[in-house]
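A look at the structure
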Amino acid sequence: MNNSARALVLTVGTGNIDDLENTLFQPLEKSLNTGKWKEAVLLPSTMTANNARKFKDRMFGYSIRIDPLPEEGRENDADACFSHFDKVLSELETDGYRPEAIVPDFTRGTKAMSAALVLAAVRHKIPQLRYIHGVRDNRGMVIGGKEEIGHVMTERASMRRRIDDSLQLMTKGAFASVLAFLPEIENSGIAEALVPVEFRDEISRLRKLAAFWAAWDRLDYKEALTCSSKLNDEDHMALNREIASVECLAAGPIQDNHGDMAEWLRWVATDLLVNGRRRIAQHQFEDALLRAYRIVELIGQVRLFARGYDSARISPKDPCVEKFRQRLKKNGSNDFGCRKEEGRKVLTATRMLGARFLKYLGDSLGQDLVNFDNDAASSIKASDRNLSILTHGFSVANLDKESLSNLYDRIKVLLEKDCPDTARCSIDERFGIVP
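Residues numbered from 1 in each chain as written. Predicted model: local features only at pLDDT ≥ 70, side-chain atom pairs only at ≥ 80, totals over all residues. Heavy atoms only, no water.

Things to note about a positive patch on the surface
Together, Arg-327, Lys-330, Arg-356 and Lys-359 make up a positively charged patch on the protein surface. When contributions to the positive patch are tallied by element, the ones reaching two or more residues are α14 (319–330) and α15 (351–360). In this fold, Arg-327 is placed in helix α14. When its relative accessible area of 47% is taken as the criterion, Arg-327 is described as partly exposed. (Patch = residues over 30% accessible without salt bridge, like charges linked within 9 Å, V, L, I, M, F, W, Y side chains within 5 Å. Areas by Shrake-Rupley, 256 points an atom, 1.4 Å probe, with all protein chains shown as cover. Salt bridge = Lys/Arg side-chain N within 4 Å of Asp/Glu carboxyl O. Lys, Arg positive; Asp, Glu negative; His and termini not counted. Charge placed at Lys NZ, Arg CZ, Asp CG, Glu CD. Helix = DSSP H or I, 4+ residues; strand = E, 2+ residues; numbered from the N terminus. Buried < 20%, exposed > 50% of the residue type's maximum accessible area, 1.4 Å probe, protein only.)

Encoded structure:
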């Protein structure tokens, strides 16, 4: 279909049965003759279908089709009218008409029919509607020949709804969806064409907030910090605690500074805990599971860093490491991994081996970390952890909200044991996202 093709959709009422010419046919004709249309669709009730047929016969040469309400007496049922008009507009879109090429005229028909057509048009994102008005006689009816065409723009109602929906998405943690849902304001000509001026500042503000939360949510702390600098002064002050948290997360230390790494990774582990809980709330169970066991690994890495060991590059010449490796060999256990870094040999520790090494060193959390996988309180089976599509297997893991929430509760206890101060400042509040 030609992209310039347009369709006019008109409700059809009874008019004044003693003067259909002036009260029905002429107003319909004025609307039809105002504008260029590929076709017109008449929407009568069963009672006014005959008037629609008379008008179609009168307008010989125009492409007009009649699509009456399917049942008698439905003209006062707004829901029934909406269902029918919604279907008609859907069919027009299927025929190739773009929303901006469809113009509904809701002048005639019952109040229920008019309201239903307006609602159906808003649902289909039709930007413009029309109605007939003019000078009225002593009966309150528009005088024949005095009709004028008025227009109603739906963009304000539609944009307000989009903003309301975006706020809901924000509170559900769907930050990237907000960016896709709201039009870009900065550096875009779309604002001039599509966004009413009174909404532009609000949309710009919400997009900046969404960009900040979205970067943080995907663990891009440096980008989140950059986005925070673009927030308006009021939001920047309101999010002072959150921005301070992002600053800590973005300031990752040099890996050789073991003490600083231990403290920084505590922040990262705490952030992942809240991040993972958002994944549970969104039913992204596989992603939540991956985060859960990464947090447990991080706790072990934190404890190792605090003792001067980097699990990614442990010196094989360290006396404690040498003795521990001898014990592993004696017990027939798996040894550390081994790789070369800058021409020298370094050892690497898996999550479980790191936990066993901590236990050997007398760390108070070593035994807890060793026991974590086999704790009877856990309802996450090893087969579910290791054989899911996102790890080593070929099917979805057998997970649910309750079992994962229990798992996260247990991890929170480990975090609090690692750093009692963390418990006092509240893990959930430290990184709680409440836009």
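Still to come is the rest of the account.
Notes on unusual backbone geometry
Not every positive phi belongs to a glycine, and Lys-125 is a case in point at roughly 60 degrees. Following the sequence through the fold, Lys-125 ends up in the loop between α4 (111–123) and β5 (128–136). The backbone of Glu-342 sits at a positive phi, close to 55 degrees, despite the residue not being glycine. With respect to the helices and strands, Glu-342 occurs in the loop between β7 (337–341) and β8 (344–348). Judged by its relative accessible area of 78%, Glu-342 is exposed.

A few points about the environment of Gly-276
Mapping Gly-276 onto the fold places it in helix α12 (residues 258–281). Expressed as a C-alpha distance, the spacing of Gly-276 and Asp-217, which sit 59 residues apart in the sequence, is 9.7 Å. In contact with Gly-276, other than residues within four places in its own chain, are Ala-288, Arg-291 and Tyr-408. (Contact = heavy atoms within 4.5 Å.)

Description of helix α8 (residues 197–217)
When the terminal C-alpha atoms of α8 are compared, their 31 Å separation across 21 residues agrees well with the 30 Å that a helix rising 1.5 Å per residue should span. After α8 finishes, the residue Leu-219 shows a positive phi value of roughly 70 degrees. (Expected span 1.5 Å × (residues − 1).)

Points about the pairing of strand β2 (residues 39–44)
Across the 6 residues of β2, 6 count as buried, placing the element largely inside the fold. Alternating positions in β2 separate into two faces, Glu-39, Val-41 and Leu-43 on one and Ala-40, Leu-42 and Pro-44 on the other, with burial throughout. Sheet topology places strand β1 (residues 7–12) next to β2; 6 bridges connect them, and they run parallel. For Leu-10, the partnering residue across the bridge sits in β2 and is Leu-42. Alignment of β2 against strand β3 (residues 64–66), held across 3 bridges, turns out to be parallel. Pairing of Leu-42 across the sheet is with Ile-66, part of β3. (Pairing = 2+ DSSP bridges.)

Side note on the side chain of Asp-418
When you line up the elements, Asp-418 lands in helix α18 (residues 401–418). At a separation of 2.7 Å, a polar atom in the side chain of Asp-418 contacts the side chain of Arg-266. Setting aside residues no more than four positions away along its own chain, Asp-418 makes contact with Arg-266, Ile-299, Val-302, Arg-303 and Leu-365. (Polar contact = N/O pair within 3.5 Å; in protein donor to acceptor, adjacent residues only side chain to side chain.)

Quick notes on the packing of aromatic side chains
This model, assessed by the stated rule, comprises 13 aromatic pairs. An aromatic cluster of at least three residues, connected via ring pairs, comprises Tyr-309, Phe-324, Phe-336, Phe-357 and Tyr-360. When the ring centre of Phe-181 is taken as origin, the NZ or CZ atom of Arg-162, which lies over that ring, is 5.3 Å away. (Phe/Tyr/Trp six-rings, centres within 6.5 Å; stacked < 30°, edge-to-face > 60°. Lys NZ or Arg CZ within 6 Å of the ring centre and 35° of its normal.)

A look at empty space enclosed by the protein
The tally for this structure, following the rule as stated, stands at 2 cavities of 30 Å³ or more. The calculated volume of the largest cavity comes to roughly 90 Å³. Per-class residue counts for the lining of the largest cavity are 5 nonpolar, 5 polar and 2 charged. In this structure, the second largest cavity encloses a volume near 30 Å³. The wall of the second largest cavity is formed by Leu-10, Thr-11, Pro-27, Leu-28, Ser-31, Asp-105, Thr-107, Arg-108 and Ile-132. Only β1 and α1 (20–33) provide two or more residues apiece to the lining of the second largest cavity. Counting residues per element, the lining of the second largest cavity draws most heavily on α1, at 3 residues. Of the residues assigned to the lining of the second largest cavity, the class counts are 4 nonpolar, 3 polar and 2 charged. (1 Å grid on protein atoms, 1.4 Å probe; cavity = no way out; pocket = protein on both sides within 12 Å on 5 of 7 lines; lining within 4 Å. Points joined across faces, edges and corners; volume = space filled by probe spheres on them. Nonpolar A, V, L, I, M, F, W, Y, C, P; charged D, E, K, R; others polar.)

A word on the environment of Ala-312
With respect to the helices and strands, Ala-312 occurs in the loop between α13 (285–306) and α14. Sequence-distant contacts of Ala-312, defined by excluding residues within four places in its chain, comprise Gln-255, Arg-339, Val-346, Leu-347 and Thr-348.

Topic: the nonpolar core
Core analysis: the biggest nonpolar cluster contains 72 residues, and Phe-212, Ile-295 and Phe-336 have the highest contact counts within it. The contacts of Phe-212, once residues within four sequence positions are left out, are Ala-224, Cys-227, Ser-228, Leu-239, Ile-243 and Val-246. (Core = buried A, V, L, I, M, F, W, Y, C linked by side-chain atoms within 4.5 Å.)

A word on the layout of surface pockets
A water-sized probe rolled over the atoms picks out the places where empty space is left. The calculated volume of the largest pocket comes to roughly 590 Å³. What lines the largest pocket is a set of 18 residues, and nearest its centre among them are Lys-125, Glu-155, Ser-158, Met-159 and Arg-162. The element contributing the most residues to the lining of the largest pocket is helix α5 (residues 155–171), with 7 residues. A per-class count over the lining of the largest pocket returns 10 nonpolar, 2 polar and 6 charged.

Let's talk about the pattern of salt bridges
Following the criterion strictly, the structure yields 31 salt bridges and no others. The salt bridge involving Arg-279 is made with Asp-217; its shortest N-O contact spans 3.2 Å. Separated by 62 residues along the polypeptide, Arg-279 in helix α12 and Asp-217 in helix α8 bring together distant segments of the chain. When its relative accessible area of 6% is taken as the criterion, Arg-279 is described as buried. The salt bridge involving Asp-363 is made with Arg-303; its shortest N-O contact spans 3.1 Å. Placement of the pair is Asp-363 in the loop between α15 and α16 (366–371) and Arg-303 in helix α13, with a sequence separation of 60 residues.

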